[in-house]
Each structure stands twice: as C-alpha cells, then as structure tokens.
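Chain and residue survey
Here's the letter readout for the chains.
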Amino acid sequence: MARLDQVITNIVDIFLEYADDEGKKKKLLNKEELKKVLEQEIQSPELKDKINAGDIEEAMKMLDKNHDGELNFREFCRCVSELAKCYYQKKTGKGGKKGKGKEQEGEEED
C-alpha cells in the first residue's frame, strides 16, 4: 500500500477504534477518548512534547464546532491536520506566522 493510502486508512481506523458509539448512530470522540488517542497514538517526541492536559482542553474547545463536547470525524481530521502543521513547522522552520503583512504576500510558501 502506498504511504498516503496507509496514512488515510490509519486516520479512519484510529478514529473508529477510539470513538465510543455507546449505541449511538454516529461515532464521536469525547475529551477522554481524544486524550487517549493522543497519548497512545503519538510517539514522536516532536509532537508528544507539545501536548499536555491544557492543550487537550483547548483543542476540544477549538475543534468542537457544534459545542456538543464530542468530536465527529470531520473535527478529528482538523485535529490531525493541526498536528501535521506543527510537525511541518518544526521540521522546516516555516509557517506559524499569523497576520502576514502585505510585503510578504508575494513570497513563495510551501
């Protein structure tokens, strides 16, 4: 299987494994389940060192767009995307600049 295929299937499989449906039609992750995912499925020191209990609380507030205290698959994907951005910034030293000025608009960005 190609690497991107593997990444995509892993994201789906991880979500389904940790999301407790409790007899519900939809699979959702609550805060404790998200914490478990992040603690058990992230082993890279570059990412693991960035995550603490306060971060998980803040992530839930930021990602839980419908404010139901749980993350659906779309919200979980946003979480994975944010972690990927953090890793990219750490690896390349690029990104993470908010509010770029007009003088920077013409610069090439990856």
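Heads up: these notes are all about the structure in this document. (Residues numbered from 1 in each chain as written. Predicted model: local features only at pLDDT ≥ 70, side-chain atom pairs only at ≥ 80, totals over all residues. Heavy atoms only, no water.)

**Quick look at helix H2 (residues 31-41)**
Inspection of H2 places Glu33, Leu34, Val37 and Leu38 among the buried residues, and these make up the whole buried set. Taken down its axis, H2 places every buried residue within 135° of arc, on the same side. (Buried < 20%, exposed > 50% of the residue type's maximum accessible area, 1.4 Å probe, protein only. Helix = DSSP H or I, 4+ residues; strand = E, 2+ residues; numbered from the N terminus. Arc of directions from axis to C-beta.)

**What about the packing of helix H1 (residues 3-18) against helix H5 (residues 73-92)?**
Two numbers describe how H1 lies on H5: the axes approach to 11 Å, and their chain directions differ by 125°. With respect to H5, the element H1 is oriented oblique. At the point where H1 passes H5, the crossing takes the right-handed sense. Two secondary-structure elements touch here, H1 through Ile11, Val12, Ile14 and Phe15 and H5 through Phe73, Phe76, Cys77 and Val80. Along the lines of polarity and charge, the residues of the contact of H1 with H5 split into 8 nonpolar, no polar and no charged. (Axes fitted to C-alpha atoms, helices over the stretch in contact; angles between N-to-C directions. Parallel < 35°, antiparallel > 145°, perpendicular 65-115°, else oblique. Left-handed = near helix turned anticlockwise from the far one by under 90°. Contact = heavy atoms within 4.5 Å. Nonpolar A, V, L, I, M, F, W, Y, C, P; charged D, E, K, R; others polar.)

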